[in-house]
Amino acid sequence: MSNPQPIVPATQVLPAKLIIVPLVGKPIFPGIFTPIMITSDPDIQAAQQSLEGDSMIGFVMTKEAEPDQQPTGNGLREVGTAAKIVKRINLPDGGMNLFISTVKRFRIKKILHQTAPITTAVEYLEEEETTGDEVKALTRALIGEMKQVSENNPLFSEEMRLNMVNIDQPGKIADFIASMLNVDREDQQKVLEELNVRQRMEHVLTFIKKEQELLQIQKKIQKQINEKIEKSQREYFLKEQLKAIKEELGMPGDAKSSEYQRFKEAIEKLSLDSDVREQVEQELEKLSLMEPNSSEFTVTRNYLDTIINLPWGAPKPADIHLPRARKILDADHYGLEDVKERILEFLTVRKLKRDFKGSILCLVGPPGVGKTSVGRSIARALNKRFFRFSVGGMRDEAEIKGHRRTYVGAMPGKIIQGLKIVKTNDPVFMIDEIDKLGVSFQGDPSSALLEVLDPEQNVAFRDNYLDLPFDISNIFFITTANTLDTIPAPLRDRMEIIRLSGYIDEEKVAIARKYIIPRSLERTGLDKSSVKYTKRALLEIANGYAREAGVRNFEKSVDKIHRKLAKKLVSDELEVPVNVTPETVTELLGRPSFRGEEVKKVTASGMAIGLAWTQFGGETLMIEAISNSGKEGFALTGHLGDVMQESARIAYAYVRHVASRFGVGREAFENNQYHLHIPAGATPKDGPSAGITMAAALLSLVVGKRIKGKLAMTGELSLVGSVLPVGGLKEKTIAARRAKLKEIIIPKDNEADLEEIPDHVKKGLTFHPVSTMDEVVELLF
């Protein structure tokens, strides 16, 4: 009998054909019992087909880590692992959980079916160099190193460590360790494809060393984190203990808790709308969650500090006592009767309305006439807090509306800052120099002021920093300006204009006696009875040193006199009381800034005195004309603007047109060049109001007659000889009075404006209203 064939276990009878399940993740190694979950329909179909046969199935890793579509046979690696399906569990979601026992490596010889279920012809691979001293040494090294890794890695269970020790084949030990290590899928596939056991173990040993290095770094990081956590926990427990001790002793708690409590109590007392209160409470909650050392904590604390310091409640009803208001205005300012009357009328209306909503005044006048002090007097008369800020040269709208809190160092605008300072929501706000607002790439502040000064919008004014609606409609706004020309029209429309004209000499003398001299004596430390001024001395200061619309230079001159007198009194050069005379003024102040000859005088034909308005008040102009024989022409000098040059050409055309009435022939113009000059040459001049003055000067030159000496005039001239109205008549009248003129020719249409000029200013002046240039001519000579 022949020898019987050896009995082979059923598990080692491996089929030549295998159904393949593609592995997108890492490969599976032989000699392992493991669960695997499959969810895709093609994979479930492959598993079911395998179970219907011998339950053998192949697992092969895909070439791409994340294939775009279901892998086919060409998308698989060559080497995979054959496995026996031991158990199947169907899952509720349609998937399948398989328990597999991996058996052996195989290489795909041929792909029999490209698409799912993928079927292949395979050959099984045998290991090489499975014995020898090097293999034994590597086996011990692997187990030893892996024990060290497993002790430091909580993911390795005790069962895994026992399995590793109990495996008797070196190749299987390498496979088992490779399957447990966190190694890249490509590296694991290389281990799977390596048939030489010694080389495979060397690869795995390299991976273990890398894993140990990573574990050491991880351990170091973990240690640092634990130290920080322990430190912060220790600090937290100590702080909590300290807080409890302080509570027991009745001492104040930590800074953050006390800040939170302070804000909470203050916010509860505020009269806030529900929406505003909700936002504020959210900010308070944010504060409670922040660390006191963080920058956000400081920003939020400053924000809440601003909120609790703002006057949110409704203002008390305004109580205006008109006789007291009149008394305060009279005590603070001399003259300005029309201005005081306008302010009292305004206050009367507010008294009847019982509120100040929509109250916006604009005080317009030259420098030094008391615009800012009038604003202070209004606040005193109303018994309200006063806040002033200047917008002259301001170029950033954030100055008005604040900066957003996202910026470092952000703060609210001037309006909210002012309310925070005065702590009432119905103060008097003075916005100085509103005519000098600038515009830049940072924004247009005048546009930002439109919302502030609009009664319809400022009921819910939103400052960029605050970002909450705040009612500023109860603020009484007063603005000041030297001229209205540079104020944008939309802004000008929102304000009620009150003009403050300049002062005449008599008013300056009275103001000096009542206000300037007592104030200056106090500043220089002199007794009130130590210095006495004569009226002529004060007039000398007004005419020689302070010939302006306001009294600022007058006050500077008085201060200078008192400083010099103080020095002489201290050095015993003078005895009290000191009587200040015109001679004393000249001695102490030096040569007058305005000499006597500067008073305009007509000394020859071709000269005429005109009246002009500037942002600094009224001025007198001496217009001069001469003729030189030669080719016909007309020249203009004196830094004249376009409008004034046109007026001069109209005046020349008119005079040439009417010259024949006065016996002047055409040759007077054809054979002469006329030159018109308006001093001072360095001062820019513009406007049409000198039209009749220039025509009068040219006519005086042509006819050879001198104009009356104390006569001044103002009015626009048309080409046909009509005299048109002009502006600034009050300021021009004050300038004429200051220049000691006696008669003024004005346009007929300006006659109604004379009623606005106080009688003491008009006293001694004769006004001649005219409609045509013919009427002007009758008054000239």
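Residues numbered from 1 in each chain as written. Predicted model: local features only at pLDDT ≥ 70, side-chain atom pairs only at ≥ 80, totals over all residues. Heavy atoms only, no water.

Novice: Can you lay out the sheet that holds strand β12 (residues 476-481) for me, pointing to particular residues and giving the numbers?
Specialist: On the basis of which strands lie adjacent, the open sheet formed by five strands has the order β8-β9-β12-β7-β13 and parallel pairing. Edge positions in the sheet fall to β8 (386-390) and β13 (496-499), since each of these pairs with one other strand and no more. Direction aside, the axes of adjacent strands within the sheet are offset by 20 degrees on average. By the bridge criterion, four bridges tie strand β9 (residues 428-432) to β12 in an arrangement that is parallel. From the neighbouring strand, V428 faces β12, where its bridge partner is F476. In the packing of helix α14 (residues 414-422) onto the sheet, contacts are made with β8, β9 and β12, and the angle to β8 comes to roughly 150 degrees. (Pairing = 2+ DSSP bridges. Helix = DSSP H or I, 4+ residues; strand = E, 2+ residues; numbered from the N terminus. Axes fitted to C-alpha atoms, helices over the stretch in contact; angles between N-to-C directions. Contact = heavy atoms within 4.5 Å.)

Novice: Please set out the packing of helix α21 (residues 642-658) against helix α23 (residues 691-703) residue by residue, giving values where relevant.
Specialist: Between α21 and α23, the shortest axis-to-axis distance is 8 Å and the interhelical angle comes to 40 degrees. For the element pair α21 / α23, the angle class is oblique. Crossing angle aside, the handedness with which α21 passes α23 is right-handed. Residue-level contacts link M644, S647, A648, A651, Y652 and V655 of α21 to G691, M694, A695, L698, L699 and V702 of α23. (Parallel < 35°, antiparallel > 145°, perpendicular 65-115°, else oblique. Left-handed = near helix turned anticlockwise from the far one by under 90°.)

Novice: Any details on helix α17 (residues 505-523)? Residues and values, ideally.
Specialist: Given 3.6 residues per turn, any residue in an α-helix points the same way as the ones three and four places further on. At A512, α17 shows its maximal bend, which comes to roughly 55 degrees. Regarding α17, the residues found buried are D505, E507, K508, V509, A510, I511, A512, Y515, I516, I517, S520 and L521. Of the surrounding secondary structure, the elements contacted by the buried residues of α17 are α10 (322-332), β14 (531-533), α18 (535-544), α19 (552-570), α24 (729-738) and α25 (759-762). Two residues or fewer past α17, G525 is found with a positive phi of approximately 80 degrees. (Bend = angle between axes of the 7 residues up to and from the residue. Buried < 20%, exposed > 50% of the residue type's maximum accessible area, 1.4 Å probe, protein only.)

Novice: Describe the side chain of S377, with residues and values.
Specialist: Along the chain, S377 falls in helix α12 (residues 371-382). The class of S377 is buried, set by a relative accessible area of 1%.

Novice: Quick one: what's the story with the environment of V79, residue by residue and with numbers?
Specialist: Along the chain, V79 falls in strand β4 (residues 79-90). For V79, a relative accessible area of 3% gives the class buried. C-alpha separation for the pair V79 and F106, spaced 27 residues apart in sequence, amounts to 5.7 Å. The residues contacting V79, other than those within four sequence positions of it, are V60, F106, R107, L125, Q189, L192 and E193.

Novice: How would you sum up the packing of aromatic side chains? Please name residues and give values.
Specialist: Under the defined criterion, the tally for this structure stands at 10 aromatic pairs. On the numbers, 6.4 Å between centres and 20 degrees between planes, the contact of F33 with F99 is stacked. Taken together, the residues span a long stretch of sequence, with F33 in strand β2 (residues 33-38) and F99 in strand β5 (residues 96-113) at a distance of 66 residues. Of the residues examined, F33 reaches a relative accessible area of 53% and is grouped as exposed. (Phe/Tyr/Trp six-rings, centres within 6.5 Å; stacked < 30°, edge-to-face > 60°.)

Novice: Report on a negative patch on the surface, specifying residues and quantitative values.
Specialist: Taken together, the side chains of E265, E268, D273, D275, E278, E281 and E285 define an acidic patch exposed on the protein surface. Of all the secondary structure elements, the ones that give two or more residues to the negative patch are α7 (255-269) and α8 (274-289). For the negative patch, the element with the highest residue contribution is α8, accounting for four residues. Mapped onto the elements, E278 comes out in helix α8. (Patch = residues over 30% accessible without salt bridge, like charges linked within 9 Å, V, L, I, M, F, W, Y side chains within 5 Å. Areas by Shrake-Rupley, 256 points an atom, 1.4 Å probe, with all protein chains shown as cover. Salt bridge = Lys/Arg side-chain N within 4 Å of Asp/Glu carboxyl O. Lys, Arg positive; Asp, Glu negative; His and termini not counted. Charge placed at Lys NZ, Arg CZ, Asp CG, Glu CD.)

Novice: Help me get a handle on the pattern of salt bridges, residues and values and all.
Specialist: All chains considered together, the criterion is met by 34 salt bridges. Residue E202 is joined to R198 by a salt bridge in which the shortest nitrogen-to-oxygen separation is 3.0 Å. In this pair, E202 and R198 are both assigned in helix α6 (residues 197-249), four residues apart and thus about one turn of the helix distant. Among the ionic pairs, E743 bridges to K708, the shortest N-O distance being 3.6 Å. Placement of E743 in strand β23 (residues 743-747) and of K708 in the loop between α23 and β20 (711-713) is noted, with a sequence separation of 35 residues between them. Classification of E743 as buried rests on a relative accessible area of 19%. Within the structure, one salt-bridge network assembled from shared partners comprises R105, E127, D175 and R200.

Novice: Describe in detail the packing of α18 against helix α20 (residues 582-589), supporting the description with residues and values.
Specialist: With their axes 8 Å apart at the nearest point, α18 and α20 run at an angle of 40 degrees to one another. Considering the angle they form, α18 stands oblique to α20. Between α18 and α20, the contacting residues are R536, A537, E540 and I541 on the first element and P582, E583, V585 and T586 on the second. Looking at the contact of α18 with α20 residue by residue, the classes come out as four nonpolar, one polar and three charged. (Nonpolar A, V, L, I, M, F, W, Y, C, P; charged D, E, K, R; others polar.)

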